[in-house]
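Chains, contacts and geometry: an overview
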Amino acid sequence: MAKLKTGRHTSALKAQRQAEKRNSANKGLIKKVRVATKTVKASATSKAKTLKDDLKKANSCIDKAAKKKVIHWKTAARKKSRLAKAANKAAK
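Reference entry: report on the structure contained in this document.

Across its 17 residues, helix 2 (residues 51-67) extends 24 Å between first and last C-alpha, which sits within 8% of the 24 Å expected from 1.5 Å per residue. Here helix 2 has its buried residues at Leu51, Asp54, Leu55, Ala58, Ile62, Ala65 and Ala66. For helix 2, the angular spread of buried residues about the axis comes to 105°, placing them on one side. Along helix 2, the residues that are exposed and aim more than 90 degrees away from the buried face are Lys52, Lys56, Lys57 and Lys67. Packing partners of the buried residues in helix 2 comprise helix 1 (10-46) and helix 3 (73-91).

Next up on the list: the side chain of Ser43. Tracing the backbone shows Ser43 in helix 1. Excluding residues within four positions of it along the chain, Ser43 makes contact with Ala48, Thr50, Leu51 and Asp54.

So, about the packing of helix 1 against helix 2. Two elements in contact, helix 1 and helix 2, have axes whose closest approach is 9 Å; the angle formed by their N-to-C orientations is 155°. Taken as axis vectors, helix 1 and helix 2 run roughly antiparallel relative to one another. Of the two elements, helix 1 crosses helix 2, and the hand of that crossing is left-handed. Residues Lys32, Val33, Ala36, Thr37, Thr39, Val40, Ser43 and Ala44 of helix 1 form the contact with helix 2, whose participating residues are Leu51, Asp54, Leu55, Ala58, Cys61, Ile62 and Ala65.

For the rest of this paragraph, the subject is the packing of helix 1 against helix 3. In contact at an axis separation of 9 Å, helix 1 and helix 3 are set at 20° when each is read in the N-to-C sense. Taken as axis vectors, helix 1 and helix 3 run roughly parallel relative to one another. Note that helix 1 runs across helix 3; the crossing there is left-handed. Only Lys79, Leu83, Ala86 and Ala90 of helix 3 make contact with helix 1, whose side of the interface consists of Val33, Thr37, Val40, Lys41 and Ala44.

Along the polypeptide, Asp54 turns up in helix 2. A relative accessible area of 13% means that Asp54 is categorised as buried. A C-alpha to C-alpha distance of 7.2 Å links Asp54 and Ala36, two positions 18 residues apart in sequence.

Its place among the elements puts Thr37 in helix 1. Within polar-contact distance, the side chain of Thr37 engages the backbone oxygen of Arg34 at 2.8 Å. Discounting residues that sit within four places of it in the chain, Thr37 has contacts with Ile62 and Leu83.

Conventions we followed
- Residues numbered from 1 in each chain as written.
- Predicted model: local features only at pLDDT ≥ 70, side-chain atom pairs only at ≥ 80, totals over all residues.
- Heavy atoms only, no water.
- Helix = DSSP H or I, 4+ residues; strand = E, 2+ residues; numbered from the N terminus.
- Expected span 1.5 Å × (residues − 1).
- Buried < 20%, exposed > 50% of the residue type's maximum accessible area, 1.4 Å probe, protein only.
- Arc of directions from axis to C-beta.
- Contact = heavy atoms within 4.5 Å.
- Axes fitted to C-alpha atoms, helices over the stretch in contact; angles between N-to-C directions.
- Parallel < 35°, antiparallel > 145°, perpendicular 65-115°, else oblique.
- Left-handed = near helix turned anticlockwise from the far one by under 90°.
- Polar contact = N/O pair within 3.5 Å; in protein donor to acceptor, adjacent residues only side chain to side chain.

What follows is the structure, encoded as structure tokens:
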């Protein structure tokens, strides 16, 4: 690889590119979690019939984010617990 005139190392540039890729992927996962939780909350308030399916999808999104260490596993557990609590309250 050709030497850069700016004095920056090629490894630093590669690390920067990797960080940007990871950042965009992580933002996508966080967005999915946020949208899924909003859907469950909306279903719970309107007592929709799709509440069970929405809760299942939200739990799946949260687990995927926790598995890839985008969110902490305890944060994921707390979110899932609160969503389940809200869903059970709405079901009664």
